[in-house]
Amino acid sequence: MLDKIKDFASEFFVTGDPLILGAQVSIGLSVVAIIFTLTFFKKWRWLWTEWLTTVDHKKIGIMYVIASLLMLFRGGVDALLMRVQLAAPQLDFLQAEHYNQIFTTHGVIMILFMAMPLMFGLFNLVVPLQIGARDVAFPFLNSLSFWMFFFGAMLFNVSFIIGGSPDAGWLAYPPLSELSGSPGLGQDFYIWGIQISGIGSLATGINFVVTILKMRAPGMKLMKMPMFVWSVLSSCITIMFAFPILTVTLFLLFIDRYLGAHFFTLDGAGNPMMYINLIWMWGHPEVYIIVLPAFGIFSEVVSTFSKKKLFGYKSMVFALMSISFLSFFTWAHHFFTMGSGANVNAFFALTTMLIAIPTGVKVFNWLFTMFRGRITFTTPMMWAVAFIPCFVIGGMTGVLLSVAPADFQFHNSYFLIAHFHQVIIGGVVFGFFAGLYYWWPKVFGFRLHEGLGKWAFWFWNIGFYVCFMPQYALGLMGMTRRVNTYDFDMGWQPLNVVSTVGGFLMGIAFLFQVWQIAHSIRFYKKEQNGDAWDGRTLEWSIPSPAPLYNFARLPQVTDQDDWWEEKQRIARGEPVKPLTPLEPIHMPKNSGIPFIMSLCWFTAGFGFVWDWLWMAIPGLIGVAICMLVRSFSYDTDYYISVQEIERTEAALRGSK
Amino acid sequence: MAHAVSRTANAHGGHGAGHGGGHHDEHHDQESLKTFGFWLFLITDVILFGTLFATYVVLRFSTDGGPTGAELIEINGIIVSTFILLTSSFTSGIAVLEMNKGNKRGLIGWLAITALLGASFVFLEVNEFMHLVHEGATIGTSAYWSAFFTLVGIHGLHVSLGLVWMISIMLQLGRRGITPVTKRKVSIISLYWHFLDVVWIFVFTIVYLMGVM
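Residues numbered from 1 in each chain as written. Chains lettered and ligands numbered in written order. Predicted model: local features only at pLDDT ≥ 70, side-chain atom pairs only at ≥ 80, totals over all residues. Heavy atoms only, no water.

Regions of empty space are outlined by a rolling probe, equal in size to a water molecule, passed over the atoms. Residues and elements named next belong to chain A. Scanning all chains against the criterion turns up six cavities of 30 Å³ or more. Taken as a whole, the largest cavity spans an internal volume of roughly 110 Å³. For the largest cavity, the lining is made up of 15 residues, of which Met-227, Glu-300, Ser-303, Leu-310 and Asp-561 are closest to its centre. At four residues, the largest contribution of residues to the lining of the largest cavity is made by helix α9 (residues 272-306). Classifying every residue of the lining of the largest cavity by side-chain character gives seven nonpolar, five polar and three charged. Taken as a whole, the second largest cavity spans an internal volume of roughly 60 Å³. Leu-112, Phe-120, Phe-149, Ser-197 and Ser-201 are the residues nearest the centre of the second largest cavity, which is lined by 13 residues in total. No other element matches the five residues that helix α7 (residues 186-214) contributes to the lining of the second largest cavity. (1 Å grid on protein atoms, 1.4 Å probe; cavity = no way out; pocket = protein on both sides within 12 Å on 5 of 7 lines; lining within 4 Å. Points joined across faces, edges and corners; volume = space filled by probe spheres on them. Helix = DSSP H or I, 4+ residues; strand = E, 2+ residues; numbered from the N terminus. Nonpolar A, V, L, I, M, F, W, Y, C, P; charged D, E, K, R; others polar.)

Below you can see the structure in the form of structure tokens.
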């Protein structure tokens, strides 16, 4: 009996690596610590009623941000482990197998479990406030999206200590990712983790398209929307068209592995290249899905801190929309070397170069917005300013890569690695940081310490260039991606050491950010004014943090940058818009179903990974029951009375 | 949601109407929001099927020297099930007409007929699959059969889920009658049902007519 348990445990848990053993122990200890704290302070009920069952977009947004910062930590540690391994030739710090797992999880986590949730967090925190709405269109679905992401991410991450991590690269190309190449469980964790969270992302896409198209405050015409809302719309439309392809692709890979089908296998007339086409039909739009909202954030930040209306509003809208359209016609540039022929390569090279045009338009718009503006260099603005040169250089190396004949040299080299880190860190991460710093006072009602923020900023920026500039050179010197070791005579060591130093500078930058948040909470100073930065858009017209119902009265919008214009009118002593009488506010009730249903998905996924049908089938039945229970419940909303709104408003405005 | 209420209220020229009247408008508005959301969901489902069709088309000749679709598929059964599904689309349309007339019994009755037709479609499909497996074509036989079973099977799965959903709506109709909420639910399931019918027409054309005949 004891032996049986031992056998099972040695198969169930990942064993034999001191680094992973350390992680297992620390994860176990943290779980115990969390459970103890929650029990000791009697916080279980609070956790359930305030957070796990909430349908409030503001709380869901906060949970997304917390989860994504944790994932940033995990992905960052992965990156630093790789940098240590590459700092010297023929190092034995990470075994080849472990190295493969780490670059795989680093990629997946950073894109799908860090960038995506941070983006969804900002969508949730900002979009309803900017359009003058009281929640998203489907608050229940919104909560479901979050928990699907959360449990998908957990399922993926648990593979680190249970069963084994995936190790076939972040997009898991077959035939390596097939049963023949990856017989372990890691690849199954990959499929189910991403599948579950991907369904959540798809639902978020639909939710925000409906929210933006149907729930804007009266008077807010499409062309009067804040630019961030436009960028969210373009990103969500892209999600709607791209994510179903991911769902199908992962499903096909799953039935290849689970039922022995032959979509992408080498035998049975399967076609591995089809997977690579399909996954990039999702994967390329995906990078625009995450970068478009960053463009929207920069537009808001640059305009606010230059005290000017955004330059070229219409061209910005056009650029966003055309990028989201063109993003579907560039996928093959990820594999010019596949051999599709000169004509196909020429087509995809051209479409790729075309995207540089609307992107260039945007850069000029930001520059002209700053031109002759009264610029203040707050932390959000610094991120925006640092983004421009970084993204321009990254974009130009992208154009170099898009030249199909030249790409045969660059393909899968460190030149590529440097390129996509430059556009993703320089574009997406800088953008989301700018957004996080910009909207932080609105969300939490206190400011972050500016001085520590600037330290973090400089460490991030200097670290970034020190880390990735050498990698362009390394790529041209012939170093390919995913090598875990190299020989002394390659001459790659000096630049690799520089790169590793840069990586650690960014690690220090992250610590500064943690310190900044901790410091600002420690010396908590309530934000007295809802308008922290002398902002332009509707979210700054209400107290920070926003009350449950956001707007006591729905704003009547007349202008682009409506709140700014209103402030101008007040300053000029012109009559302000008359206050309409308060009305009862209709709100959705909290629900535990999204949490439970996502937990059932997790159970089903875990069961399929281990091929335990006794676990997978009850999981799926649980999902079905949750859906039916929801369908049969009609009592899903309530009203906030006028008296209660008056009380809340008086308390909020009184504390001014 | 709430802001929609006051927008409607504004359109009526004042807030004095009180929120008793607002309730109705609001339900109406919230239901139309959900219907719009469902249309967007259908767009994503189109992409899902589009990807499966593309996969099928790429792999249509990849039989690996094994049996082809033309050899094993019996087209007559497929034509029968096609007509059954088309008829069920028609009966679901009648159900919506009955609903608009306010006839609850008629509505539930026609939905039941639709569900029965849908169930017979699924039954025939399962039979067809069993026949194929018996003849030696399984999902693991070759890439062609993988693509065939997946595309046709996922359509069948959609129909089966639709059946469970339709039955749950019939139960809700029985309990609550025709309200703005149940009305929206019926419209959405009928939308879904027509959508599956359209997808089937493509399956029938591309997989069966072009692949077999």
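Following the structure, the description resumes.
Pairs can form between side chains of opposite charge whenever their charged atoms are close. Residue and element names in this part refer to chain A. Within the structure shown, the criterion is met by 17 salt bridges over all chains. In this structure, Asp-534 engages Lys-307 in a salt bridge whose closest nitrogen and oxygen atoms are separated by 3.9 Å. A residue pair is termed long-range when its members are at least 10 positions apart, and Asp-534 in the loop between α16 (493-522) and α17 (562-571) and Lys-307 in the loop between α9 and α10 (313-326) qualify at 227 residues. Relative accessible area serves as the criterion here: at 31%, Asp-534 is assigned to the partly exposed category. With its nearest N and O atoms 2.9 Å apart, the salt bridge here joins Glu-566 to Arg-569. With Glu-566 and Arg-569 both in helix α17 and three residues apart, this pair spans about one turn of that helix. Each member of the pair, Glu-566 together with Arg-569, is buried. What you see here is one network of salt bridges that share partners, running through Lys-307, Asp-531, Asp-534 and Lys-567. (Salt bridge = Lys/Arg side-chain N within 4 Å of Asp/Glu carboxyl O. Buried < 20%, exposed > 50% of the residue type's maximum accessible area, 1.4 Å probe, protein only.)

What follows is about the side chain of B:Thr91. All names here are of chain B. Residue position: Thr-91 is located in helix α4 (residues 75-101). Overall, Thr-91 belongs to the buried group, its relative accessible area being 5%. A polar side-chain atom of Thr-91 sits 2.8 Å from the main-chain carbonyl oxygen of Ser-88. Side chain to side chain, Thr-91 and Thr-114 meet in a polar contact 2.9 Å long. When near neighbours in sequence (up to four residues on either side) are disregarded, Thr-91 contacts Trp-110, Ile-113, Thr-114 and Leu-117. (Polar contact = N/O pair within 3.5 Å; in protein donor to acceptor, adjacent residues only side chain to side chain. Contact = heavy atoms within 4.5 Å.)

Attention now goes to the nonpolar core. Counting residues in hydrophobic clusters, the biggest one holds 251 residues, and the most contacted among them are A:Phe113, A:Trp282, A:Trp366, A:Phe606, B:Phe148 and B:Tyr208. Here this core spans two domains, since at least three of its residues come from each of domain 1 (1-42) and domain 2 (43-591 + 636-653) of chain A. If you look at the next biggest cluster of nonpolar residues, it comprises 13 residues, including A:Leu81, A:Met82, A:Leu86 and A:Ile417. (Core = buried A, V, L, I, M, F, W, Y, C linked by side-chain atoms within 4.5 Å. Domains from an automatic or database assignment.)

Without other data, these values stay purely geometric and don't point to any function.
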